[in-house]
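# Coordinates in review
Chain by chain, the residues run as shown.
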Amino acid sequence: MSYRILSKRQLAYKMKLFEVEAPDVASKARPGQFIIVISREGRERVPLTICDYSAERGTVSFAFHEVGKSTKELGTFEEGDRLLSVTGPLGNASVIARFGKVLCVGGSIMTAPLLLQVKALKAAGNQVTTVMGCRTEEFLFMREEAEAISDEVYVASDDGSVGEKGLDFLNELVSGGHYSRCVAMGPVVMMKAVSEITRPFNIPTIVSLTPVMIDGMGMCGVCRVTVGGRMMYGCLDGPEFDGHQTDFEELIKRQRVMLPEERLSSLLWEKSGGCKCEKG
Ligand code: FES
């Protein structure tokens, strides 16, 4: 099976979007699902949320932020290179229905897959407000795409270099917005903040969780999350959960467990010169 990279797009500093040949995945993919990518023999399994797909073309797109060894190495792959495997689609698809007015909040690299949901929610007859969150102006991407598919778009940055400063403005937006649903995809702290903002207004809020994963198929148990006091598997029961029921603190702690090892392996890989020599 060929998983050739058809296009590689630089979204922002260390953020990339790949479109790859993966007809088996593309024929079944739905918004909200994820794939597991292995770049080459012996490399880690990297779970990535699907950003787009075309059953006709047999392609699937995914975006990633080069933060660890695996994603940094993935970033060295170029158009025409082949990945060892692309497994999926995994996890449950998003619930797409006619809700009315929907608030979609994306943060960092997860804004890319959020736009797939925006597109699907619009197609289902919803009025969609999209919020694009980024660290600074340099990390803002796909704004034109968002504007083309949303009813309105807001931009927010951590330092205020573009759009609103922080997410506080959401309080006002939500209080007068008559939203019937909210979807948040981004860093855990951001999804937690959005869930707290929508809670007093009883707006059902869906968050896409990205716990540490290994197999992505319910076998290893690494992706455990607590939702509504019950233990769930991010890969099998999710990746989308009720943000008002999610134990974000536990998730943040679990995500930090492997950080020292990840940093070390990323450092060693960089010191070795970031080997690209064995790509297929
Ligand atoms: Fe192994 Fe979910 S990733 S059980």
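So, a few notes on the structure that sits alongside this text.

### Considerations on the overall build of the protein
Counting its regular elements, the protein contains 8 helices and 15 strands. Rg of the C-alpha trace for the protein: 18 Å, near the compact-globule value of 19 Å for 280 residues, within the 12% margin. Expressed along its principal axes, the backbone C-alpha trace of the protein runs to roughly 55 × 40 × 35 Å. Counting the 280 residues in the protein, one finds 51% classified as buried. Restricting the contact set of the protein to residue pairs at least 6 apart, pairs at least 24 apart contribute 65%. Accessible surface for the protein amounts to roughly 12800 Å². Of this, 50% is attributable to carbon and sulfur atoms. Within the protein, the 36 negative side-chain charges are centred at a point lying 3 Å from the centre of the 33 positive side-chain charges.

### With respect to the layout of surface pockets
In this approach, a probe sized like a water molecule rolls over the atoms, and the result shows the empty space that is left. Taken as a whole, the second largest pocket spans an internal volume of roughly 180 Å³. Every element with two or more residues in the lining of the second largest pocket is listed here: β4 (46–54), α3 (111–123) and α4 (143–149). It is α3 that provides the largest number of residues to the lining of the second largest pocket, a total of 4 residues. For the lining of the second largest pocket, the class distribution of residues is 7 nonpolar, 1 polar and 4 charged.

### Considering α3
Here α3 is 13 residues long and its end C-alpha atoms lie 18 Å apart, about the 18 Å a rise of 1.5 Å per residue gives. Burial analysis of α3 places 10 of its 13 residues in the buried class, the great majority of the element. Among all positions of α3, only Thr111, Ala112, Pro113, Leu114, Leu115, Leu116, Gln117, Val118, Ala120 and Leu121 are buried. Positive phi appears at Gly125, one or two residues downstream of α3, with a value of about 95°.

What counts as what
Residues numbered from 1 in each chain as written. Predicted model: local features only at pLDDT ≥ 70, side-chain atom pairs only at ≥ 80, totals over all residues. Heavy atoms only, no water. Helix = DSSP H or I, 4+ residues; strand = E, 2+ residues; numbered from the N terminus. Rg over C-alpha atoms; globule rule 2.2 N^0.38 Å. Buried < 20%, exposed > 50% of the residue type's maximum accessible area, 1.4 Å probe, protein only. Contact = heavy atoms within 4.5 Å. Areas by Shrake-Rupley, 256 points an atom, 1.4 Å probe, with all protein chains shown as cover. Lys, Arg positive; Asp, Glu negative; His and termini not counted. Charge placed at Lys NZ, Arg CZ, Asp CG, Glu CD. 1 Å grid on protein atoms, 1.4 Å probe; cavity = no way out; pocket = protein on both sides within 12 Å on 5 of 7 lines; lining within 4 Å. Points joined across faces, edges and corners; volume = space filled by probe spheres on them. Nonpolar A, V, L, I, M, F, W, Y, C, P; charged D, E, K, R; others polar. Expected span 1.5 Å × (residues − 1).

Geometry only, nothing functional implied.
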